[in-house]
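Listed here are the chains, written in short residue letters.
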Amino acid sequence: DTEVTQTPKHLVMGMTNKKSLKCEQHMGHRAMYWYKQKAKKPPELMFVYSYEKLSINESVPSRFSPECPNSSLLNLHLHALQPEDSALYLCASSLTGAGGSTDTQYFGPGTRLTVL
Amino acid sequence: GESVGLHLPTLSVQEGDNSIINCAYSNSASDYFIWYKQESGKGPQFIIDIRSNMDKRQGQRVTVLLNKTVKHLSLQIAATQPGDSAVYFCAENRGGYQKVTFGIGTKLQVIP
């Protein structure tokens, strides 16, 4: 299995809703990432988990709450989002999270989130 | 601040011709560079990578060139096909750092 899967593919939610995005990989990777991508822009890093511990939080608002239940799963819990949070949310994984040429990140297809 | 950028936001190429997508980077400490392809509605797909101790690397129909002197990276696609139409991002990383920095992207349009 050489892919990263994400569910759901699309999500529409109101500003008072609570929802979760899910990401899964079975490549034995120990680093997992959340990115946010607005239309016609490059992906922007949000969070990095390395060996199931949060190692990077790029000053993301607390209405986004990541969780890494085990080395294969990564969740992003959403609460009280704003319309400007509408974007494509991408999950990625890499072997170790050490960076550099041995640690290529592989991306999932993303979840298209719309906040009404 | 340090950044990775692209010279051309949109590139139109006739089917069968070769495509060249350029990228400039400013962080001289970067030692690993990656090209990703992103089709509409999909996540970025790894194409090819190159380490800073190399100046050229070839894959299937793709070649990446690295010029460290002028901090320039390029992706060459041979015999461009309609399926190559996508946005292409260059990205940089270095050992010991988990953060990958993406360039702004170039949209490649293949004209049949």
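Here we take up the sheet that holds strand β7 (residues 64–70) of chain A. Residue and element names in this part refer to chain A. Read from one edge of the open sheet, four strands run β1-β3-β8-β7, paired in antiparallel fashion. Edge positions in the sheet fall to β1 (4–7) and β7, since each has one partner strand and no second. Strand-to-strand twist across the sheet, computed as the mean angle between neighbouring axes with direction ignored, equals 20°. The pairing of β1 with strand β3 (residues 18–25) spans four bridges and is classified as antiparallel. In the strand pairing of β3, T7 is matched with K22.

Turning next to the nonpolar core. In this structure, A:W34, A:F64, A:L76 and A:L78 are the most contacted members of the largest nonpolar core, which totals 22 residues. Mapped onto this core, the elements with two or more residues apiece are β2 (10–13), β3, β4 (31–37), β5 (44–50), β7, β8 (73–79), β9 (87–94) and β11 (111–115) of chain A. When sequence neighbours within four positions are dropped, the list of residues in contact with A:F64 reads A:M46, A:F47, A:L76, A:H77, A:L78, A:L81, A:D85 and A:Y89. In this structure, B:C23, B:V64, B:L66 and B:Y88 belong to the second largest nonpolar core, which totals 20 residues.

Attention shifts here to the pattern of salt bridges. Applying the stated criterion to the full structure yields six salt bridges over all chains. A salt bridge links A:E52 to A:R30, with the shortest nitrogen-to-oxygen separation between them at 2.8 Å. Here A:E52 is found in the loop between β5 and β6 (53–57), whereas its partner A:R30 is found in the loop between β3 and β4, with 22 residues between them in sequence. Residue A:E52 is classed as partly exposed on the basis of its relative accessible area, which comes to 33%. The partner of A:E58 in a salt bridge is B:K99, with the nearest N and O atoms 2.7 Å apart. One end of the pair, A:E58, is in the loop between β6 and β7; the other, B:K99, is in the loop between β9 (86–93) and β10 (101–102), on a second chain.

With that out of the way, let us pick up the state of the cysteines. A full pass over the atoms with the stated rule returns two disulfides over all chains. Sulfur-sulfur distance for the disulfide between A:C23 and A:C91 comes to 1.9 Å. Here the disulfide of A:C23 and A:C91 is left-handed, its torsion about the S-S bond being about -70°. One end of the pair, A:C23, is in strand β3; the other, A:C91, is in strand β9, and 68 residues separate them in sequence. Residue classification places A:C23 among the buried residues on the basis of a relative accessible area of 1%. Take A:C91: its relative accessible area is 0%, and that puts it in the buried class. Residue pairing for B:C23: its cysteine sulfur links by disulfide to B:C90, the two sulfurs lying 1.9 Å apart.

Thresholds applied
- Residues numbered from 1 in each chain as written.
- Chains lettered and ligands numbered in written order.
- Predicted model: local features only at pLDDT ≥ 70, side-chain atom pairs only at ≥ 80, totals over all residues.
- Heavy atoms only, no water.
- Pairing = 2+ DSSP bridges.
- Helix = DSSP H or I, 4+ residues; strand = E, 2+ residues; numbered from the N terminus.
- Axes fitted to C-alpha atoms, helices over the stretch in contact; angles between N-to-C directions.
- Core = buried A, V, L, I, M, F, W, Y, C linked by side-chain atoms within 4.5 Å.
- Buried < 20%, exposed > 50% of the residue type's maximum accessible area, 1.4 Å probe, protein only.
- Contact = heavy atoms within 4.5 Å.
- Salt bridge = Lys/Arg side-chain N within 4 Å of Asp/Glu carboxyl O.
- Disulfide = S-S within 2.5 Å.

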